[in-house]
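# Overview (structure and organization)
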Amino acid sequence: MVDVVEVVDAGSPLFRRTKSSHFLARAMEKKASYSRLSKSEVKAIYEQVKRHVTPSGNKFGCDISNYAPVKVKSGERSYSQVRFKSIKYHCHIIACMINRDCRPPSNGEEASHLCHTVNCVRPEHLTFESGDVNKSRLCCRLFGHLPTYRCPHTPSCLNASA
C-alpha cells in the first residue's frame, strides 16, 4: 500500500503555514517547564550541570558552567543551558531551585546572581526575585567596589557591603 503525498510549492502560503505551525507546536512541546520537574529530576539535572563546572578563581568562588551559552544578540548577556529528556533548561535556574529545596520560580520571578557572574551555577550565589529587583542589582555591579557604596538588597550582593 502506498500513501498519497500532496506536493506543495515551497513558496506557497500553505507550505509556510504548515511549516511554521509544525515548528511552533514542536517548540511549545519542548519548552522548559520548571514546575513540572520533580525533586529527583531537579537534582539529577543539577548533578549533570555540576559535572561540567569550572571554578572561576574569582574572589567570590563562583562555579562557572561549561555548557554552551544561549545564542543572543551581540552585547547581551547569555546563559548556559543543559538538555534533560530532550528539553533545554537554564543551568542557573536549576541551581537556584536547588537552593530553594527544588521549588520552581513563581510567576514573574527571575534567577538573580548575587555575584554578578553570568554563568555562575553555585546555588548559594543565586536567588529568585522580581525582575525589577534583579535589574536594580546592576547598581551594585557597577558601584559595589566603591568604599562608600552600600548594597540595599536582601539578600546582599556579594561584592558590596550590607
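Residues numbered from 1 in each chain as written. Predicted model: local features only at pLDDT ≥ 70, side-chain atom pairs only at ≥ 80, totals over all residues. Heavy atoms only, no water.

### Some words on the overall build of the chain
In terms of helices and strands, the chain carries five helices and six strands. Of the regular secondary structure in the chain, the N- to C-terminal order runs α-α-β-β-β-β-α-β-β-α-α. Within the span of the chain, comprising 162 residues, buried residues form 34% of the whole. About 10600 Å² of surface is accessible on the chain, with carbon and sulfur atoms providing 55% of the total. (Helix = DSSP H or I, 4+ residues; strand = E, 2+ residues; numbered from the N terminus. Buried < 20%, exposed > 50% of the residue type's maximum accessible area, 1.4 Å probe, protein only. Areas by Shrake-Rupley, 256 points an atom, 1.4 Å probe, with all protein chains shown as cover.)

### Here's the deal with the pattern of salt bridges
One pass over the structure, following the stated rule, counts seven salt bridges. Put simply, Glu-47 and Lys-50 hold a salt bridge, and the shortest N to O gap is 3.4 Å. In this pair, Glu-47 and Lys-50 are both assigned in helix H2 (residues 39-50), three residues apart and thus about one turn of the helix distant. Using a relative accessible area of 38% as the deciding quantity, one classes Glu-47 as partly exposed. (Salt bridge = Lys/Arg side-chain N within 4 Å of Asp/Glu carboxyl O.)

### Points about the pairing of strand E6 (residues 126-130)
Within E6, four of the five residues are buried, which leaves the element mostly enclosed by the surrounding structure. Sheet topology places strand E5 (residues 109-113) next to E6; five bridges connect them, and they run antiparallel. The residue of E6 that forms the bridge with Ala-111 is Phe-128. (Pairing = 2+ DSSP bridges.)

### Describing the nonpolar core
With 22 residues, the main nonpolar core has Tyr-34, Leu-37, Ile-45, Val-82, Tyr-89, Ile-94 and Met-97 as its most contacted residues. Counting residues per element, the ones that place at least two in this core are H2, strand E3 (81-84), strand E4 (87-90), helix H3 (91-99) and E6. No other element matches the six residues that H3 contributes to this core. Apart from residues no more than four positions distant in its own chain, Met-97 is found in contact with Tyr-34, Val-42, Cys-102, Arg-103, Pro-104, Pro-105 and Phe-128. (Core = buried A, V, L, I, M, F, W, Y, C linked by side-chain atoms within 4.5 Å. Contact = heavy atoms within 4.5 Å.)

### Here's the deal with unusual backbone geometry
At the junction of Thr-154 and Pro-155, the peptide bond is cis and its omega measures out at -5° in the coordinates. Inspection of the secondary structure puts Pro-155 in the segment after helix H5 (138-143). Within the chain, Cys-102 stands out as a residue other than glycine whose phi angle is a positive 70°. Secondary-structure assignment places Cys-102 in the loop between H3 and E5.

### Things to note about the packing of H2 against H3
Contact geometry for H2 and H3: axes closest at 9 Å, N-to-C directions at 125°. Classed by the angle they form, the pair H2 and H3 counts as oblique. Two packed elements cross with a definite hand, and for H2 against H3 that hand is left-handed. For the pair formed by H2 and H3, the contact residues are Val-42, Lys-43, Ile-45, Tyr-46 and Val-49 on the first element and Cys-91, Ile-94, Ala-95, Met-97 and Ile-98 on the second. Across the contact of H2 with H3, the residue classes tally to nine nonpolar, no polar and one charged. (Axes fitted to C-alpha atoms, helices over the stretch in contact; angles between N-to-C directions. Parallel < 35°, antiparallel > 145°, perpendicular 65-115°, else oblique. Left-handed = near helix turned anticlockwise from the far one by under 90°. Nonpolar A, V, L, I, M, F, W, Y, C, P; charged D, E, K, R; others polar.)

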